[in-house]
Amino acid sequence: MLSYRHAFHAGNHADVLKHFVQVQLHLYMNQKDVAYTYIDTHSGAGVYALDSFQATKTGEFDTGIGPLWNATNVPAALQPYLDLVKGMNPSGKMRYYPGSPYVADQMSRLDDRLRLFELHPADVKILNENVRKAEAHKAEQGERARGKRVIIEHGDGFQSLKKLLPPPSRRALVLVDPPYEVKDDYKKVRDALEEALGRFPSGMYAVWYPVLQRMESRQFPDKLKRLPAKEWLNVTLTVSTPGPDGIGLHSSGMFILNPPYTLEPMLRETMPYLVQVLGKDAGARFTIETGTQVTGAASARLVGEGPRAPVGNARRASPLSGKGSLRLPGQSMVREGEEAKPAAKAPAPRRAWRPDGSAQAKPATPGQGESRAPAKRPAGAQPRAAGPRTAGKGGKR
Ligand code: SAM
């Protein structure tokens, strides 16, 4: 089933969380002078026009990049992400929003490699056009990568991931970001990661997921915690209390296997700001959990939450302390009270692929497509109480 088109959801709060974290992961990878492979199992179209029919139909960017566009007192760690988005809108008008391939292209270096998978025939065509224009623009600027820096494949990212691992340089950053339109996607993510970790245990794997009422979504983080990675980090951002109809995406998470040690302290500093700027009602909050694998059993701790009780699997943590601990079945120990290490200094994105400048590469406009069906509450599930302000509009993500 290929009804999902990301053009309807580009720039929403879930994209902000995902791409902000993605930028930080690239910055960390860039600290070492050895090339890496970025693998995007579900790439989408690469660039999105926020004045397109799809984007304006849902207006989802109003829940994400919209409120951030003119935000002030931005935390330092959020700035590289905002610089990247603003860099593709040199007129100052918010017109284009980057997809994960564009973020990767901007944040990686000339020797790094991008391997992009996309199954939708229309989106893979747009992605190809966007990358071709970007490369032509770079060539005009005198920047030429050796060999095939970016390879796009029209195919199944779940199936293809394994054939790229381990990568030649033994360094990889993998983003797994499926539509989750079908519940099979949750299992496919877990299975693909299990296989990937078997082939390449030291890779950095980042998974975006929706926090929904459906059982597969609620159980998902716990399933990822049991994967055989040495360490994991789970961050969620909730922007509003779900309405009584259960429609819309109010919360999402990024689950990172083998995360940088700099990520947790950086998120602790930045997530309260995102809640403040993107939060719609008293249900707005974030959670951060980390864990390690200890001789075959995982240990976990809740390292940050605010300002309300955690959601999803984190419900078992103390709701009042602002800090708590989680114990999974078979855990042997709980880490708490560790010293946070300082966040890495963030260099500016390497170069500009600016879509709307006359001398810049212009992205192809996304084609027409269906919006994702709104999330349905499972039969019998009770909605959470509505907050004082209405929840923002938005589709499933
Ligand atoms: N990662 C993109 C970004 O952040 O800009 C957004 C990706 S979007 C959420 C998910 C994409 O996965 C859609 O474009 C969809 O067509 C594509 N897709 C769905 N199933 C796929 C599969 N098995 N393999 C590769 N792509 C798939």
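(A) Region of the structure containing the overall build of the protein. Along the backbone of the protein there are ten helices and twelve strands. Counting every position in the protein, which comprises 397 residues, the buried fraction comes to 50%. Look at the contacts in the protein between residues 6 or more apart in sequence, and 81% of them connect residues 24 or more apart.

(B) Summary view of the environment of P260. Residue placement: P260 occurs in the loop between β9 (251-257) and α10 (263-278). Between the alpha carbons of P260 and Q24 there is a distance of 9.0 Å; along the sequence they are 236 residues apart. With residues up to four places along the chain from it excluded, the contact list for P260 reads L25 and Y28.

(C) How the structure looks around the nonpolar core. Counting 91 residues, the largest nonpolar core has Y48, V174, Y205, A206, V207 and I256 as the members making the most contacts within it. Top element by residues in this core is helix α1 (residues 13-29). It accounts for ten residues. The contact partners of I256, leaving out residues within four places of it in the chain, are M204, Y205, A206, W232, L233 and L263.

(D) Structural context of the site of the ligand. Residues in close proximity to the ligand total 20 residues, the closest being H42, G44, G99, S100 and H120. Where the shell around the ligand is concerned, the elements lending two or more residues are β4 (113-118) and α7 (157-160). By residue class, the composition of the shell around the ligand is seven nonpolar, eight polar and five charged.

(E) Up close: helix α4 (residues 79-87). Three or more residues of α4 are buried, namely Y81, L84 and V85. Taken around the axis of α4, the buried residues stretch over an arc of 95 degrees, which confines them to a single face. Residues of α4 that are buried sit in contact with α1, α3 (65-69), β3 (96-98) and α5 (100-107).

(F) A look at the packing of α1 against α4. The contact between α1 and α4 brings their axes to 9 Å, and the two run at 110 degrees. When the interaxial angle is binned, α1 and α4 end up roughly perpendicular. Contact residues: H19, F20, V23 and L27 in α1; P80, Y81 and L84 in α4. Counted by class, the contact of α1 with α4 contains six nonpolar, one polar and no charged residues.

(G) Examining the confidence of the model for the protein more closely. Per-chain confidence: the protein averages 80 in pLDDT, with 74% of residues scoring 70 or above. A low-confidence stretch, residues 308-363 stays under pLDDT 50, and its non-local contacts, those more than four residues away or across chains, total 131 contacts.

(H) Broad picture of α1. With 17 residues, α1 ought to run about 24 Å at 1.5 Å a step, and its terminal C-alpha atoms sit 25 Å apart, in line with that. For α1, the tally of buried residues reaches 17 of 17 residues, placing the bulk of the element in the interior.

(I) Fine view of the packing of α1 against α5. Interhelical geometry of α1 versus α5 gives an angle of 30 degrees and a closest axis separation of 10 Å. Our classification of the angle between α1 and α5 gives roughly parallel. When the axes of α1 and α5 are compared, the crossing they make is right-handed. When α1 is examined against α5, the residues H19, Q22, V23, H26 and L27 are found in contact with a partner set consisting of S100, V103, A104 and M107.

(J) Local environment of the pairing of strand β7 (residues 204-210). Where burial is concerned, most of β7 is hidden: seven out of the seven residues are buried. A two-sided burial pattern is seen for β7, the buried positions comprising M204, A206, W208 and P210 on one face and Y205, V207 and Y209 on the other. Two elements, strand β6 (residues 172-176) and β7, share four bridges in a ladder whose sense is parallel. For V176, the partnering residue across the bridge sits in β7 and is V207. Considered for its hand, the β-α-β crossover made up of β6, helix α8 (residues 184-199) and β7 is right-handed. As judged from the six bridges shared by β7 and β9, these two strands associate in the antiparallel manner. Bridge pairing links P210 to S252 in β9.

Cut-offs used in this document
- Residues numbered from 1 in each chain as written.
- Predicted model: local features only at pLDDT ≥ 70, side-chain atom pairs only at ≥ 80, totals over all residues.
- Helix = DSSP H or I, 4+ residues; strand = E, 2+ residues; numbered from the N terminus.
- Buried ≥ 20, exposed ≤ 12 C-beta atoms within 10 Å, placed from the backbone.
- Contact = placed C-beta atoms within 7 Å.
- Core = buried A, V, L, I, M, F, W, Y, C linked by C-beta atoms within 7 Å.
- Near = placed C-beta within 6 Å.
- Nonpolar A, V, L, I, M, F, W, Y, C, P; charged D, E, K, R; others polar.
- Arc of directions from axis to C-beta.
- Axes fitted to C-alpha atoms, helices over the stretch in contact; angles between N-to-C directions.
- Parallel < 35°, antiparallel > 145°, perpendicular 65-115°, else oblique.
- pLDDT = per-residue confidence, 0-100.
- Expected span 1.5 Å × (residues − 1).
- Left-handed = near helix turned anticlockwise from the far one by under 90°.
- Pairing = 2+ DSSP bridges.
- Right-handed = clockwise from strand over helix to strand, strands pointing away.

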